[in-house]
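A look at the structure
What follows is each chain in one-letter form.
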Amino acid sequence: MGVRNYLIEGLSGTGKTSVAEELQLRGFHVVHGDRELAYQGDPVTGEPLDTHLHENHIWPVERVCALCADRSTAETFFCGGSRNVAVFLDLFDAVFVLEVDLDTLQRRLDARPDEEWGGGRPTERERIVRWHRNGEDVPPNGIPIDSTAPIGEVVDEILRHLQRIG
């Protein structure tokens, strides 16, 4: 969807949706991955599954490829998390990884309704905290962005990085 495509990733509770909404308010084209693309499936085969587990939260590879190939906008920001991101990571011109400290992450997860990813479900919470500690669930070599700041400042930082990248 963009001549240049960017991925905004991070663990549950790091602010991906808030960044997406702020980018839209500023007039940027945004794909809300968690709302528009995500489904429950096998991260290796893409086969749909009847589960509600965080590790099965994936994006359809063919659709992501098609959206990235569409050059009808100058820039498109894909915001959200996907357990199969490694399959299409090379489609993005830059990858930003939102990061927060563990206390902030816990507070944000506490504030979520139980039906949302990471809400009050103990097994999901444990998994997210483990991933926070070991960095295992985020794309490697992404540009780290401290998302504890107010959302406007977080987006300003992402846009500053894009100016440097060119």
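Residues numbered from 1 in each chain as written. Predicted model: local features only at pLDDT ≥ 70, side-chain atom pairs only at ≥ 80, totals over all residues. Heavy atoms only, no water.

On to the overall build of the protein chain. Scanning the protein chain for helices and strands turns up six helices and seven strands. Computed over C-alpha atoms, the radius of gyration of the protein chain comes to 15 Å, within 12% of the 15 Å expected from 2.2 N^0.38 for 166 residues, which places it in the range of a compact globule. In terms of principal-axis extent, the alpha carbons of the protein chain reach across some 40 × 35 × 25 Å. The buried share among the 166 residues of the protein chain stands at 45%. (Helix = DSSP H or I, 4+ residues; strand = E, 2+ residues; numbered from the N terminus. Rg over C-alpha atoms; globule rule 2.2 N^0.38 Å. Buried < 20%, exposed > 50% of the residue type's maximum accessible area, 1.4 Å probe, protein only.)

A complete count under the given rule lists five salt bridges for this structure. A salt bridge links Glu22 to Arg26, with the nearest nitrogen and oxygen atoms 2.9 Å apart. With a relative accessible area of 17%, Glu22 lands in the buried category. Here Glu157 ties to Arg160 by a salt bridge, and the two come within 2.9 Å at their closest N and O atoms. Here Arg160 and Glu157 lie together in helix H6 (residues 151-165), a separation of three residues that amounts to about one turn. For Glu157, a relative accessible area of 25% translates into the label partly exposed. What emerges from the salt-bridge pattern is a single network uniting Glu22, Arg26 and Asp156. (Salt bridge = Lys/Arg side-chain N within 4 Å of Asp/Glu carboxyl O.)

With that settled, the discussion passes to the environment of Asp110. Residue position: Asp110 is located in helix H4 (residues 102-110). Using a relative accessible area of 55% as the deciding quantity, one classes Asp110 as exposed.

Taken together, Glu99, Asp101, Asp103 and Asp146 make up a surface patch of like negative charges. Along the chain, the position of Glu99 falls in strand E6 (residues 94-99). On the basis of relative accessible area, Glu99 is assigned to the partly exposed category, the value being 41%. (Patch = residues over 30% accessible without salt bridge, like charges linked within 9 Å, V, L, I, M, F, W, Y side chains within 5 Å. Areas by Shrake-Rupley, 256 points an atom, 1.4 Å probe, with all protein chains shown as cover. Lys, Arg positive; Asp, Glu negative; His and termini not counted. Charge placed at Lys NZ, Arg CZ, Asp CG, Glu CD.)

Quick look at the environment of Ile8 now. Relative to the helices and strands, Ile8 resides in strand E1 (residues 2-10). With a relative accessible area of 0%, Ile8 lands in the buried category. With 135 residues separating them in the primary sequence, Ile8 and Ile143 have C-alpha atoms 9.5 Å apart. Discounting chain neighbours no more than four positions away, the residues touching Ile8 are Lys16, Val19, Phe77, Phe78, Cys79, Gly80, Phe96, Leu98 and Ile158. (Contact = heavy atoms within 4.5 Å.)

Counting all residues, the mean pLDDT for the protein chain is 89, and 92% of those residues have values of 70 or more. By mean pLDDT, helix H5 (residues 122-134) is the weakest element of the protein chain at 79, and helix H1 (residues 16-25) is the strongest at 97. (pLDDT = per-residue confidence, 0-100.)

Attention shifts here to the side chain of His57. Inspection of the secondary structure puts His57 in strand E4 (residues 57-58). For His57, the side chain forms a polar contact with the main-chain oxygen of Gly81, separated by 3.3 Å. (Polar contact = N/O pair within 3.5 Å; in protein donor to acceptor, adjacent residues only side chain to side chain.)

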